[in-house]
Amino acid sequence: MIRLLEIEFQKIWKNRASRVLTIAYFVILSFIALIASIKFKIGNFELQIADQGIFNFPYIWHFNTYIAALLKFFLAIVIVSMMANEYSYGTLKQNLIDGLSKKEFIQSKFLTVLAFALGSTIFVFIMSLLLGFSFSSYTEFGIVFSDLEYLLAYFLKLTAFFSFCLFLGILVKRSAFALGFLFVWNIIEGIAIGVLKFKIFTGSDNYQYITQFFPLESMSNLIREPFSRLSVIKSIEETIGGEAIARDYGVGIGPLLIVGAWIVIFMLMSYKILQKRDL
């Protein structure tokens, strides 16, 4: 396992573009801390984001994992390029000639996906602790370490998304086309969701029983948007509609299982394609 990871990280680190993107990802991820300094001033009214409780425990786990997940495309480019370079530079064929089996090759790629997802999760965990203890109004042990399921959801979300990118990289062979396919797939899911919601299940939420199984939508369902939990948003909703809208922000077992199933499907399909392809 360690040997396979060493091979992959050596390839990534020796590729300048991948190295820069990986470093840039973690640097930009740390910029979440800058949100605390953002201020809005309208006349005599001044609003500082940090004062709205976004860094309060345990809300910070929800907020930071949601925001950090938006930046996953940086590492997605690395994952796709990592696979495309195997074909472009002939390293895949050379690895197989040197004795690496196709199963071990896929394992090495999946271990890299897990390493990126785990590294990002640990980074967000540490950053959230630092921000929380700096700005949170609640620092009791029981409160600080509640709602940690958002970190599990974040880890699974990244693992699934990177597994999807790896599958596309193996399927298409070219990073630009693979990323283009990812963009097109996102549009296809959006259109399908729109048709189900507004044409087939009009005025009903039954469309979600189908859309929850879409790959990208299932990943999105793991961590719901956190902004409507803020007191200022609830106050606006109460002012406009008379009461705040009831929402479920929890991490459900269903979405976790669905995303876990997609991870298995993506990796099995990647292995089957590689197994049948003439290299």
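Residues numbered from 1 in each chain as written. Predicted model: local features only at pLDDT ≥ 70, side-chain atom pairs only at ≥ 80, totals over all residues. Heavy atoms only, no water.

Caption draft 1: Here's a closer look at the overall build of the chain. Helix and strand content of the chain: 13 helices and 2 strands. In the chain, which comprises 279 residues, the share counted as buried stands at 42%. For the chain, the proportion of contacts with a sequence separation of at least 24, taken over those separated by at least 6, is 78%. (Helix = DSSP H or I, 4+ residues; strand = E, 2+ residues; numbered from the N terminus. Buried < 20%, exposed > 50% of the residue type's maximum accessible area, 1.4 Å probe, protein only. Contact = heavy atoms within 4.5 Å.)

Caption draft 2: Local environment of helix α8 (residues 149-172). When the terminal C-alpha atoms of α8 are compared, their 34 Å separation across 24 residues agrees well with the 34 Å that a helix rising 1.5 Å per residue should span. Burial analysis of α8 places 19 of its 24 residues in the buried class, the great majority of the element. (Expected span 1.5 Å × (residues − 1).)

Caption draft 3: Just the packing of helix α9 (residues 175-200) against helix α11 (residues 215-222), in detail. Axis separation between α9 and α11 bottoms out at 9 Å; the angle between their running directions is 80°. Classified by the angle their axes make, α9 and α11 are roughly perpendicular. Along the contact surface, α9 presents Trp 185, Asn 186, Glu 189 and Ile 193, while α11 presents Pro 215, Leu 216 and Glu 217. Classifying every residue of the contact of α9 with α11 gives 4 nonpolar, 1 polar and 2 charged. (Axes fitted to C-alpha atoms, helices over the stretch in contact; angles between N-to-C directions. Parallel < 35°, antiparallel > 145°, perpendicular 65-115°, else oblique. Nonpolar A, V, L, I, M, F, W, Y, C, P; charged D, E, K, R; others polar.)

Caption draft 4: Spotlight on the packing of helix α1 (residues 2-14) against helix α6 (residues 102-135). At a closest axis distance of 9 Å, the pairing of α1 and α6 adopts a crossing angle of 70°. The orientation of α1 relative to α6 falls into the category roughly perpendicular. Contacts from Arg 3, Leu 4, Leu 5, Glu 8, Phe 9, Lys 11 and Ile 12 in α1 reach Glu 104, Phe 105, Gln 107, Ser 108, Lys 109, Leu 111, Thr 112, Ala 115 and Phe 116 in α6.

Caption draft 5: Local environment of the pattern of salt bridges. The final tally for this structure, using the stated rule, is 5 salt bridges. A salt bridge links Glu 104 to Arg 3; the shortest N-O distance between them is 3.5 Å. Placement of the pair is Glu 104 in helix α6 and Arg 3 in helix α1, with a sequence separation of 101 residues. Accessibility expressed as a relative area gives 47% for Arg 3, which makes it partly exposed. The closest approach of N and O atoms between Glu 86 and Lys 11, which form a salt bridge, is 2.7 Å. Taken together, the positions of Glu 86 in helix α4 (residues 73-88) and Lys 11 in helix α1 put the pair 75 residues apart, joining distant regions of the chain. The exposure class of Glu 86 is buried, given its relative accessible area of 2%. Among the charged side chains, a salt-bridge network with shared partners connects Glu 8, Lys 11, Glu 86 and Lys 109. (Salt bridge = Lys/Arg side-chain N within 4 Å of Asp/Glu carboxyl O.)

Caption draft 6: Seen up close, the layout of surface pockets. Considering only enclosed or pocket space, the largest pocket measures out at about 660 Å³ in volume. In terms of lining, the largest pocket is formed by 25 residues, of which the most central are Gln 208, Glu 217, Asn 221, Arg 224 and Asp 248. Listing elements by their share of the lining of the largest pocket, those giving two or more residues are α9, α10 (208-211), α11 and α13 (253-276). In terms of residue count, α11 provides more of the lining of the largest pocket than any other element does, 5 residues in total. For the lining of the largest pocket, the class distribution of residues is 10 nonpolar, 8 polar and 7 charged. Lys 72, Phe 73, Asn 186, Leu 216 and Ser 220 are the residues nearest the centre of the second largest pocket, which is lined by 18 residues in total. Looking at the lining of the second largest pocket, the elements with two or more residues in it are α3 (59-69), α8, α9 and α11. (1 Å grid on protein atoms, 1.4 Å probe; cavity = no way out; pocket = protein on both sides within 12 Å on 5 of 7 lines; lining within 4 Å. Points joined across faces, edges and corners; volume = space filled by probe spheres on them.)

Just geometry here; none of it tells us what the structure is for.
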